[in-house]
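# Topology and contacts: notes
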Amino acid sequence: MEHTFAYKNFDLNFNFIFAAGHKALNQYEATKYGFINREAGNDINSIKEVSSWQKIENEKDYPIYNPWSDINPYRVDQDLFLDNASYLKLRSVTIGYDLSKAKFFNASKVGIRRFYVYATGMNLLTVTNFTGVDPELINFNGYYDGANLSIPKTFVIGFKLDL
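My aim in this report is to walk through the structure given alongside it, one point at a time. (Residues numbered from 1 in each chain as written. Predicted model: local features only at pLDDT ≥ 70, side-chain atom pairs only at ≥ 80, totals over all residues. Heavy atoms only, no water.)

Each aromatic ring pair is summarised here by two numbers: the centre-to-centre distance and the angle between the ring planes. Taken as a whole, this structure holds six aromatic pairs when the rule is applied. Pairwise contacts between aromatic rings join Phe5, Phe14 and Phe16 into one cluster. Just above the ring of Tyr116 sits the side chain of Arg114; from NZ or CZ to the centre is 4.6 Å. A cation sits over an aromatic face here: Lys160 above Tyr118, 5.7 Å from the ring centre. (Phe/Tyr/Trp six-rings, centres within 6.5 Å; stacked < 30°, edge-to-face > 60°. Lys NZ or Arg CZ within 6 Å of the ring centre and 35° of its normal.)

Okay, structure coming up:
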């Protein structure tokens, strides 16, 4: 959804994207709590100290692990780790000003047809109930593994000249 509003020499453009009805299995949470079942593994997920430095805010939402039980309470393929991955993102916002139309700027003397200055911010806002970092990082088969970097917030200031 892209919208543009203009007033005098200013314009404002913003772009929203969304995904509704998405579900994802949060493999990152399952790995964080079920490390004891993978201690003999040969990958990074089998090392319990990998996430030990992180603050665990939602540990009361998951069952207490019983090391003497044959049952794995942290299997990723159960609805305990099924998240609502629907989201609404403000992908970009741009505000601009056309200096060539301003009264204080004489474009014909300088030989410029248009002089436009703008500022853009990208990936500024995400509205979601997803417990992971970013719902856009869910891989193609519906698992969020926490291994990818989220899309960074970016700011751009620039100008356009038409000679």
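Having seen the structure, we can now continue with the description.
Ordered by their spatial adjacency, three strands build an open sheet running β4-β3-β7, and the pairing between neighbours is mixed. Among the strands making up the open sheet, the edge pair consists of β4 (82-84) and β7 (143-144). In this sheet, β4 lies alongside strand β3 (residues 23-26) in antiparallel orientation, the contact comprising three bridges. When the sheet's bridge partners are listed, Leu25 is paired in β4 with Leu82. (Pairing = 2+ DSSP bridges. Helix = DSSP H or I, 4+ residues; strand = E, 2+ residues; numbered from the N terminus.)

Although it is not a glycine, Lys8 sits at a positive phi angle of roughly 50°. Mapped onto the elements, Lys8 comes out in the loop between β1 (2-7) and β2 (10-19). You can call Lys8 exposed: its relative accessible area is 69%. Phi at Asn123 takes a positive value of approximately 60°, unusual for a residue other than glycine. On the secondary structure map, Asn123 appears in strand β6 (residues 114-128). (Buried < 20%, exposed > 50% of the residue type's maximum accessible area, 1.4 Å probe, protein only.)

As a further point, take a nonpolar patch on the surface. Together, Met1, Phe18, Leu88, Leu125 and Val127 give the surface a local cluster of nonpolar side chains, amounting to about 480 Å² of exposed area. Looking at the secondary structure, you find Met1 in the segment before β1. (Patch = residues over 30% accessible without salt bridge, like charges linked within 9 Å, V, L, I, M, F, W, Y side chains within 5 Å. Areas by Shrake-Rupley, 256 points an atom, 1.4 Å probe, with all protein chains shown as cover. Salt bridge = Lys/Arg side-chain N within 4 Å of Asp/Glu carboxyl O.)

Following the criterion strictly, the structure yields four salt bridges and no others. Residue Lys89 pairs with Asp134 through a salt bridge whose shortest N-O separation is 2.9 Å. Of the two residues, Lys89 sits in strand β5 (residues 87-98) while Asp134 sits in the loop between β6 and β7, which places them 45 residues apart along the sequence. The exposure classification of Lys89 matches that of Asp134, with both residues buried. The partner of Arg114 in a salt bridge is Asp98, and the shortest N-O contact between them spans 3.4 Å. In this pair, Arg114 is assigned in strand β6 and Asp98 in strand β5, connecting sequence segments 16 residues apart. Judged by relative accessible area, Arg114 falls into the partly exposed class, the value being 31%. According to the relative accessible area criterion, Asp98 is buried, its value standing at 5%. Here the salt bridges do not stand alone but share partners, grouping Lys89, Arg91, Asp134 and Glu136 into one network.

Turning next to the nonpolar core. For soluble globular proteins, nonpolar side chains are generally found buried alongside one another. Counting five residues, the largest nonpolar core consists of Ala24, Ala85, Phe130, Leu137 and Tyr144. Once residues within four sequence positions are removed from consideration, Ala85 is found in contact with His22, Lys23, Ala24, Phe130, Pro135 and Ile138. (Core = buried A, V, L, I, M, F, W, Y, C linked by side-chain atoms within 4.5 Å. Contact = heavy atoms within 4.5 Å.)

If you trace the five strands from one edge of the open sheet to the other, you get β1-β2-β5-β6-β8, paired in antiparallel fashion. Each of the sheet's edge strands pairs with one partner strand only, and the pair in question is β1 and β8 (154-162). Each strand axis lies, on average, 15° off the axis of its neighbour in the sheet, ignoring direction. Both β6 and β8 contribute to a ladder of nine bridges, which runs antiparallel. Its bridge partner lying in β8, Gly121 is registered against Phe155. (Axes fitted to C-alpha atoms, helices over the stretch in contact; angles between N-to-C directions.)

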